[in-house]
Amino acid sequence: MDRKKVLYIALMVVLVALLLFGQWYKRPLGLDELVPDVDARSVSLTVTFYPEEGETDGAQQRTRTLTAEEDDWQTLWQQLSSLEFRRPPTNLVQQFLPASESKKEKAPKTQSYACLLTVSDGTGTEVLTLVCRDSWSYDTPGQRSPITCYVTDQTQCGAVLESLWDLAAPAA
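Computed from a predicted structure; not experimentally measured.

Visitor: Describe in detail the nonpolar core, supporting the description with residues and values.
Guide: Leu45, Leu76, Leu117, Trp136 and Leu164 are the most contacted members of the largest nonpolar core, which has 36 residues in total. Elements with a contribution of two residues or more to this core: α2 (31-34), β2 (42-50), α3 (71-82), β5 (112-120), β6 (126-132), β7 (136-139), β8 (147-151) and α5 (154-167). Per element, the largest residue contribution to this core is six residues, and it comes from α5. Residues within four places of Leu45 in sequence aside, it is in contact with Arg62, Thr63, Arg64, Leu76, Cys115, Leu116, Leu117, Leu164, Leu167 and Ala168.

Right, here's the structure in full:
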């Protein structure tokens, strides 16, 4: 075999390996598989409801902090654990690029929810931040930038966000 042929074969093997790795990386994962070492003891939950298309003025916001000892904790954790996320392979490249701090807040296209969950361990140290706007993203300490994820079932995700809105209502 001549050198050119060996080079092309090696290049094809590398491309196939990258393709297979990309398919493996974007497989559906639950929250416990996405960030396996999270020792969640409290969650600060902020949910914003945008009632109209393109409007941020009529937005309503609810905030609540739940600890593992509260009754609603199990409901919250079950709701979050029921979601399956897909990570686009482009995340791997974004981790090595400088983080962009100037993200512009944009109004939703239809009525929708935005959600910010900050998960802390027993010592009060933040161990995970989950954000849902147009897509989900998660951030753990030591990560260079948040990692974007997409849910596999939009209907289920909408139901979870609605449930989180109800859960964030002040306890009676």
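Visitor: Would you mind going over a nonpolar patch on the surface in detail, with residue names and values included?
Guide: The grouping of Tyr8, Leu11, Met12, Val14, Leu15 and Leu18 at the surface amounts to a nonpolar patch, some 620 Å² of accessible area in total. For Met12, a relative accessible area of 52% gives the class exposed.

Visitor: Please give an account of the environment of Ala159 that cites residues and values.
Guide: Along the chain, Ala159 falls in helix α5. Residue Ala159 is classed as partly exposed on the basis of its relative accessible area, which comes to 45%. The sequence separation of Ala159 and Gln79 amounts to 80 residues, and the corresponding C-alpha distance is 9.2 Å.

Visitor: Would you mind going over a negative patch on the surface in detail, with residue names and values included?
Guide: Together, Asp32, Glu33, Glu84 and Asp153 give the surface a local cluster of negative charge. Topologically, Glu33 is positioned in helix α2.

Visitor: Kindly report on the sheet that holds β2, identifying the contributing residues and their values.
Guide: By definition, the strands of a sheet pair up through backbone hydrogen bonds, in either a parallel or an antiparallel sense. The sheet built from eight strands is open, its strands ordered β1-β4-β8-β7-β6-β5-β2-β3 with antiparallel pairing. Looking along the sheet, the strands with just one partner apiece sit at the ends: β1 (29-30) and β3 (60-67).

Visitor: Describe the pairing of β6, listing the residues and the values that go with them.
Guide: By the bridge criterion, six bridges tie β5 to β6 in an arrangement that is antiparallel. When the sheet's bridge partners are listed, Val119 is paired in β6 with Leu128. The turn linking β5 back onto β6 is made up of five residues, and Gly124 within it adopts a positive phi angle of 90 degrees. Note that β6 and β7 share four bridges and pair antiparallel. Looking at the pairing, Cys132 lines up with Trp136 of β7.

Visitor: Describe in detail the side chain of Ser42, supporting the description with residues and values.
Guide: Among the secondary structure elements, Ser42 is positioned in strand β2. Classification of Ser42 by relative accessible area gives buried; the value is 17%.

Quick notes on the rules
Residues numbered from 1 in each chain as written. Predicted model: local features only at pLDDT ≥ 70, side-chain atom pairs only at ≥ 80, totals over all residues. Heavy atoms only, no water. Core = buried A, V, L, I, M, F, W, Y, C linked by side-chain atoms within 4.5 Å. Buried < 20%, exposed > 50% of the residue type's maximum accessible area, 1.4 Å probe, protein only. Helix = DSSP H or I, 4+ residues; strand = E, 2+ residues; numbered from the N terminus. Contact = heavy atoms within 4.5 Å. Patch = residues over 30% accessible without salt bridge, like charges linked within 9 Å, V, L, I, M, F, W, Y side chains within 5 Å. Areas by Shrake-Rupley, 256 points an atom, 1.4 Å probe, with all protein chains shown as cover. Salt bridge = Lys/Arg side-chain N within 4 Å of Asp/Glu carboxyl O. Lys, Arg positive; Asp, Glu negative; His and termini not counted. Charge placed at Lys NZ, Arg CZ, Asp CG, Glu CD. Pairing = 2+ DSSP bridges.

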